[in-house]
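Survey of secondary and tertiary structure
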Amino acid sequence: MSDRVAAVVPAAGRGERLGGSVPKALRALAGRSLVQHAVDLLTSATLVDQVVVAAPAAELETFAALLGPGVRVIAGGAERIDSVRAAIAVLDETVGVVLVHDAARPLTPPALVDAVAAAVLGGAPAVIPVLAINDTIKQVDDVGRVVRTVSRDVLRAVQTPQGFRRDVLDEAYRLGGMSADGVAITDDAGLVEALGVPVMTVPGAPEAFKVTRPVDLLLAEALLARRD
Ligand code: CTP
Ligand code: MG
């Protein structure tokens, strides 16, 4: 396996839950767009050699101008899975490890990026950062009545970057779609699980949270203000 590491950044979503008039990845956080934060943290990681960003098709020039000549910008698709598929399709032949990192996680520590990449370079076919669940988790029925309390001891919340051996991710996306039990697959590791390839976990970082709703952007602003 080649030790060249590429980072793929799905950034083509609209940000419906965040709201606002521009795509989420272009929303400003401490004066820079979310996608700029994401690309900067990836290039700050010591193990990342190449970055490819999947942008909304109508915004390719805006993204390219913001990110500069060192970053490849391509058009994403209708769903996140389509955006990631389009990005991995343009990776150099020489890339042996692929990290997939949401543009919407702008405060992810570069050390977490390196930890995920190092675990794949060390032999794991697929690696994801995870956190324990803090809230109590209930299963509910379709009218919102509690069916039971679920043990959170065996559950983890999953973050990005997720890291993969390149051949494993390519195969997962070639077959990609449904899990065996019909649960919708919402992350890249889910596609790899469907192949039957083992997925390892490493400790995630609280700062790697995803900016999803307006309160998340406020939290990110507060954390950055304290950091600087
Ligand atoms: N994404 C993408 N292409 C899509 C949809 C999502 O590249 N068609 C990216 C987003 O830009 C984001 C990441 O996938 O960086 C995680 O998705 P999410 O947080 O759900 O972002 P959005 O889909 O933009 O937000 P929403 O679901 O609220 O519309
Ligand atoms: Mg979405």
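Placed above this text is the structure.
Reference entry: report on the structure contained in this document. The structure displayed is predicted, hence computed values, not measured ones.

**Observations regarding helix α1 (residues 34–44)**
Across the 11 residues that make up α1, a large majority, eight, are buried. Looking only at α1, the buried set comprises Leu34, Val35, Gln36, His37, Ala38, Val39, Leu41 and Leu42.

**Describing the pattern of salt bridges**
Going through the model one piece at a time under the given rule, you end up with 11 salt bridges. One salt bridge connects Asp102 with Arg80, and the closest N-O pair in it is separated by 3.0 Å. One end of the pair, Asp102, is in the loop between β6 (95–100) and α4 (110–121); the other, Arg80, is in helix α3 (residues 80–88), and 22 residues separate them in sequence. A salt bridge links Arg105 to Asp102, with the shortest nitrogen-to-oxygen separation between them at 3.0 Å. Residues Arg105 and Asp102 agree in their burial class; the two are buried. Overlapping salt bridges, with partners in common, bring together Arg80, Asp102, Arg105 and Asp188 in one network.

**Observations regarding the nonpolar core**
If you look at the biggest cluster of nonpolar residues, it comprises 32 residues, and the most contacted ones within it are Ala11, Val35, Val51, Val53, Phe63, Leu67 and Leu99. For this core, the secondary-structure elements that each account for two or more residues are β1 (4–10), α1, β4 (50–55), α2 (60–67), β6 and α4. Here this core gets five residues from one element, more than from any other, and that element is α4. If you look at the next biggest cluster of nonpolar residues, it comprises 23 residues, including Val84, Val95, Val98 and Ala126.

**Looking at the site of ligand 1**
What surrounds ligand 1 is a group of 18 residues, the closest being Pro10, Glu16, Arg17, Ser83 and Lys210. Within the contact set of ligand 1, an oxygen atom lies 2.8 Å away from a backbone nitrogen or oxygen of Pro10. Here ligand 1, which alone exposes 560 Å², has 87% of that area covered by the protein. The cavity that encloses ligand 1 is the largest pocket.

Conventions used here
Residues numbered from 1 in each chain as written. Chains lettered and ligands numbered in written order. Predicted model: local features only at pLDDT ≥ 70, side-chain atom pairs only at ≥ 80, totals over all residues. Heavy atoms only, no water. Buried < 20%, exposed > 50% of the residue type's maximum accessible area, 1.4 Å probe, protein only. Helix = DSSP H or I, 4+ residues; strand = E, 2+ residues; numbered from the N terminus. Salt bridge = Lys/Arg side-chain N within 4 Å of Asp/Glu carboxyl O. Core = buried A, V, L, I, M, F, W, Y, C linked by side-chain atoms within 4.5 Å. Near = heavy atom within 4 Å. Polar contact = N/O pair within 3.5 Å; in protein donor to acceptor, adjacent residues only side chain to side chain. Areas by Shrake-Rupley, 256 points an atom, 1.4 Å probe, with all protein chains shown as cover. 1 Å grid on protein atoms, 1.4 Å probe; cavity = no way out; pocket = protein on both sides within 12 Å on 5 of 7 lines; lining within 4 Å. Sits in = over half its atoms within 2 Å of the grid points.

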